[in-house]
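Close look at the chain arrangement
What follows is each chain in one-letter form.
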Amino acid sequence: MTNAVGTRAEAVAILGGTGLTELEGLRVTGEQLHQTPWGAPSGPVVHGELAGKKVLFMARHGHPHRIPPHQVNYRANLWALKEAGASVVIGVNAVGGIPADMGPATVVVPDQLIDYTWGRGHTFFEGDLEGVTHIDFTFPYTESVRQTLLAAAARRQLPVVDYGVYGATQGPRLETAAEVLRLERDGCHIIGMTGMPEAALAAELELKYACLALVVNWAAGKSEHIITMAEIQAAIDEGMSAVRAVLEESIPALMG
Ligand code: HPA
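Note that the coordinates shown come from a computational prediction; the quantities given were computed from them, not determined experimentally. (Residues numbered from 1 in each chain as written. Predicted model: local features only at pLDDT ≥ 70, side-chain atom pairs only at ≥ 80, totals over all residues. Heavy atoms only, no water.)

1. Points about the overall build of the protein
The helix and strand inventory of the protein stands at five helices and 11 strands. For the protein, whose C-alpha radius of gyration is 17 Å, the value lies close to the compact-globule estimate of 18 Å for 256 residues. If you line up the protein on its principal axes, its C-alpha atoms span 50 × 40 × 30 Å. Evaluated residue by residue, the protein yields a buried proportion of 52% over its 256 residues. Here the analysis covers contacts within the protein between residues at least 6 apart in sequence; of these, 81% occur between residues at least 24 apart. When the accessible area of the protein is evaluated, it comes to approximately 11400 Å², of which 52% is carbon and sulfur surface. Between the centroid of the 18 positive side chains of the protein and the centroid of its 28 negative side chains there is a distance of 3 Å. (Helix = DSSP H or I, 4+ residues; strand = E, 2+ residues; numbered from the N terminus. Rg over C-alpha atoms; globule rule 2.2 N^0.38 Å. Buried < 20%, exposed > 50% of the residue type's maximum accessible area, 1.4 Å probe, protein only. Contact = heavy atoms within 4.5 Å. Areas by Shrake-Rupley, 256 points an atom, 1.4 Å probe, with all protein chains shown as cover. Lys, Arg positive; Asp, Glu negative; His and termini not counted. Charge placed at Lys NZ, Arg CZ, Asp CG, Glu CD.)

2. Comments concerning the site of the ligand
Neighbouring the ligand are A94, V95, G96, T169, L174, E175, I191, G192, M193, V216 and N217. Between the ligand and A94, the relevant distance is 3.3 Å, taken from a nitrogen atom to a main-chain nitrogen or oxygen of the residue. In this structure, I191 approaches the ligand through a main-chain N or O atom, which is 3.4 Å from a nitrogen atom. Within the complex, 92% of the 260 Å² of free accessible area of the ligand lies under protein. In a pocket analysis with a 2 Å cut-off to the grid points, the ligand is assigned to the largest pocket. At the level of elements, β5 (86-97), β10 (190-192) and β11 (208-218) are the ones that each hand at least two residues to the shell around the ligand. The leading source of residues in the shell around the ligand is β5, at three residues. (Near = heavy atom within 4 Å. Polar contact = N/O pair within 3.5 Å; in protein donor to acceptor, adjacent residues only side chain to side chain. 1 Å grid on protein atoms, 1.4 Å probe; cavity = no way out; pocket = protein on both sides within 12 Å on 5 of 7 lines; lining within 4 Å. Sits in = over half its atoms within 2 Å of the grid points.)

3. Details of the pattern of salt bridges
Two side chains with opposite charge may pair up if their charged atoms get near one another. Summed over the entire model, instances satisfying the criterion amount to nine salt bridges. Between E143 and R146 there is a salt bridge whose closest N-O contact spans 2.9 Å. Here the residue E143 and the residue R146 both occupy positions in helix α2 (residues 143-155), the gap between them amounting to three residues, near one helical turn. Overall, E143 belongs to the partly exposed group, its relative accessible area being 40%. Among the residues examined, R146 registers a relative accessible area of 3% and is labelled buried. In this structure, R173 engages E179 in a salt bridge whose closest nitrogen and oxygen atoms are separated by 3.0 Å. Counted as one network, the salt bridges with shared partners bring together R155, R156, E248 and E249. (Salt bridge = Lys/Arg side-chain N within 4 Å of Asp/Glu carboxyl O.)

4. Topic: the packing of aromatic side chains
Under the defined criterion, the tally for this structure stands at four aromatic pairs. A ring pair is formed by W38 and F124, whose centres lie 5.5 Å apart and whose planes are at 70°; its orientation type is edge-to-face. Linking W38 in the loop between β2 (27-32) and β3 (45-50) with F124 in the loop between β7 (112-115) and α2, this pair joins segments that are 86 residues apart in sequence. In terms of burial, W38 and F124 fall into one category: buried. Members of the aromatic cluster, connected to one another through ring pairs, are W38, W79 and F124. (Phe/Tyr/Trp six-rings, centres within 6.5 Å; stacked < 30°, edge-to-face > 60°.)

Okay, structure coming up:
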């Protein structure tokens, strides 16, 4: 790796996606704009306290939402969070749902992913390396973090789907109906544009990482209608409170 990240105290970091550009209930204590060897992150790392614990937050698309999925500097974002002291990162992602049990406003904690993205800065291992490192990525999400999220949801009596293959697409356009059928044949359950390379970069930095996905639309061709921004907004309005509740409930447990 080019530069080692200097870290401070350990904290849980939340990378908020569409519909979560700020974290309600976070008592903000400060914010810091990091310069990283990989360029500028999407915005500052917001430091705060949630449920009495130190929490870091970054809006993946900037705040206000301005950076499209294929132009997010995923490397800089994760680097900055690690530098700020993160040891655990929860990526919150808006996704399209494919199977019948993953309709709009469903919360999903996926356990696998397939990467269809291209042309994104997707590794810290490039340039003049002493040795090439191939990280193990058999299980892309940290199981203990997934289980903490699921247990938190159960304590709040919030229905959450405890499995799923996240298909990471390039965007920013949504898929064709035929593409969704292909993704379905591949085994994908949810489709989003920001799950990769984020998960792999977290693994390269040895950060624990899990995804908390909110289904905001039926994937293309899975409903009778085309996908509208109004439909997406309605699902965000309906489902984001559950996402926030799971985050709030899981943070004390994640901090141990
Ligand atoms: N496809 C890809 N990304 C998405 C979708 C979708 O249907 N909905 C929200 N993000």
